[in-house]
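Structural characterization, general
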Amino acid sequence: MFDLTPYNTFGLQVSSTAGYVISSKSDLRHITDADVLILGQGSDILLTEDIEGMVLIDNIKFCEISDEDDCYVVKVGGGNILDELIAKLVDLGISGLENLSAIPGTMGAAPVQNIGAYGVEIGKYIEDVECFNLISREVEHFSHEQCQFGYRTSYFKEHKEHKLFIMEVTLKLPKGFHPVLSYQGIREQEFASPKALRSKVVELRKQKLPDPKEIGNAGSFFKNPTVDAQTYQKLKARFPDLPAYPNAEGSYKLAAGWLIDRAGCRGITHGKAGTWEQQALVLVNRGGAKPHEIVALARYVRAEVQHMFDLALEPEVRIFGSHGEISWEQL
Ligand SMILES: Cc1cc2nc3c(=O)[nH]c(=O)nc-3n(C[C@H](O)[C@H](O)[C@H](O)COP(=O)(O)OP(=O)(O)OC[C@H]3O[C@@H](n4cnc5c(N)ncnc54)[C@H](O)[C@@H]3O)c2cc1C
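What counts, and where the lines are drawn
- Residues numbered from 1 in each chain as written.
- Predicted model: local features only at pLDDT ≥ 70, side-chain atom pairs only at ≥ 80, totals over all residues.
- Helix = DSSP H or I, 4+ residues; strand = E, 2+ residues; numbered from the N terminus.
- Rg over C-alpha atoms; globule rule 2.2 N^0.38 Å.
- Buried ≥ 20, exposed ≤ 12 C-beta atoms within 10 Å, placed from the backbone.
- Contact = placed C-beta atoms within 7 Å.
- Domains from an automatic or database assignment.

Looking only at helices and strands, the protein has seven helices and 21 strands in total. The C-alpha atoms of the protein give a radius of gyration of 20 Å, which matches the 20 Å a tight globule of 331 residues would have. Structurally, the protein occupies a C-alpha span of about 55 × 50 × 35 Å along its principal axes. Counting the 331 residues in the protein, one finds 39% classified as buried. Partitioning the contacts of the protein with sequence separation of at least 6, the portion at a separation of at least 24 is 62%.

Below, the structure is given as structure tokens:
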């Protein structure tokens with residue numbers, strides 16, 4: 001048995017039949033089974049039971065930075081910790097990723113859901129993703145266009161049946177400091193350097209989100225729902241203080257955290273699971289929670305939001321049962 005407790009930031013005590021920590025690209029040549037679960041730090045997943053099968057942990061670590069005419073090209077292993085990379089880059093005065101500071105997880109997972117925060121998504125800077133196809137056993141490269149980045153999605157997320165293990169990510173970071181300051185909390189200030197902006201982002205995130213090293217969680221549990229204009233107008237009439245962000249095509253993005261809060265679910269505790277007091281969108285392990293307690297809490301929160309707003313929240317975290325990824329409906 002392979003203990004997965006250190007590889008899921010909810011801190012749930014689960015295991016898999018087998019597991020390998022992949023430390024170099026050549027390690028993958030020894031893996032003959034394609035029916036595996038690939039993990040980095042497990043900060044975007046909920047494991048609902050023990051996994052029947054093999055888990056591969058991406059721990060391929062290296063970082064090569066080359067100075068081109070107008071940009072820096074950064075080649076980084078899939079097992080590198082994103083936040084450690086950002087700290088290193090800002091120390092060197094290289095900017096672009098500082099808005100993504102303090103997001104947990106590995107570089108290998110970052111393109112999968114095109115991670116984003118404070119108006120920046122990693123996909124913008126990704127030039128190439130190198131994968132090992134566990135079925136064909138060939139190395140494959142994906143250009144920026146082939147990655148098909150969207151809001152919290154990508155080719156890798158949409159085509160998980162291809163069993164692509166991300167070994168290396170190449171980033172292209174333009175020279176000069178061009179901060180993205182469109183979000184509340186950072187737009188009110190000026191920043192002299194990428195390092196100063198990173199410090200502010202880290203400070204803001206600490207205020208809002210629990211550190212998984214201290215309290216088990218997987219960040220935002222549900223996605224912010226998008227509704228059409230008619231639904232938005234109806235809700236706005238009932239809840240005049242409803243926060244909403246218009247999308248280009250006329251729909252509206254609603255804040256799932258606000259909906260959960262208004263449905264009376266902020267800071268609640270069910271068994272050993274709960275919702276975070278400062279941000280209701282985050283489900284937490286209050287200590288020793290079992291997977292079924294997190295599942296029961298998620299169901300309760302979803303039902304309360306459905307009851308009050310007639311909206312069905314969808315999970316942002318990826319949910320795994322004993323035989324692989326499952327949808328909310330299969331849970
Ligand atoms: C406190 C907290 C705050 C967060 N804030 C944000 C935020 O602001 N924005 C945001 O976008 N996300 C956020 N997240 C979610 C999470 O940090 C990201 O999704 C991160 O990229 C997950 O990295 P990981 O290594 O933990 O991936 P895992 O959770 O281990 O894996 C996530 C998915 O990627 C796949 N995967 C992992 N590694 C590989 C690989 N090498 N090759 C192929 N597939 C792979 C897995 O199979 C799984 O489906 C937050 C999470 C937490 C706990």
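Structure's up, so let's keep going.
By domain assignment, the protein separates into domain 1 (2-58), domain 2 (63-208) and domain 3 (222-314). Measuring from the centre of the C-alpha atoms in domain 2 to the corresponding centre in domain 3 gives 27 Å.

Take the environment of Met 107 next. Looking at the secondary structure, you find Met 107 in the loop between helix H1 (82-91) and strand S8 (116-117). Between the C-alpha atom of Met 107 and that of Val 76, which follows or precedes it by 31 residues, the distance is 7.4 Å. The residues touching Met 107, leaving out its near neighbours within four places in the chain, are Val 76, Gly 77, Gly 78, Asn 80, Leu 82, Leu 85 and Val 169.

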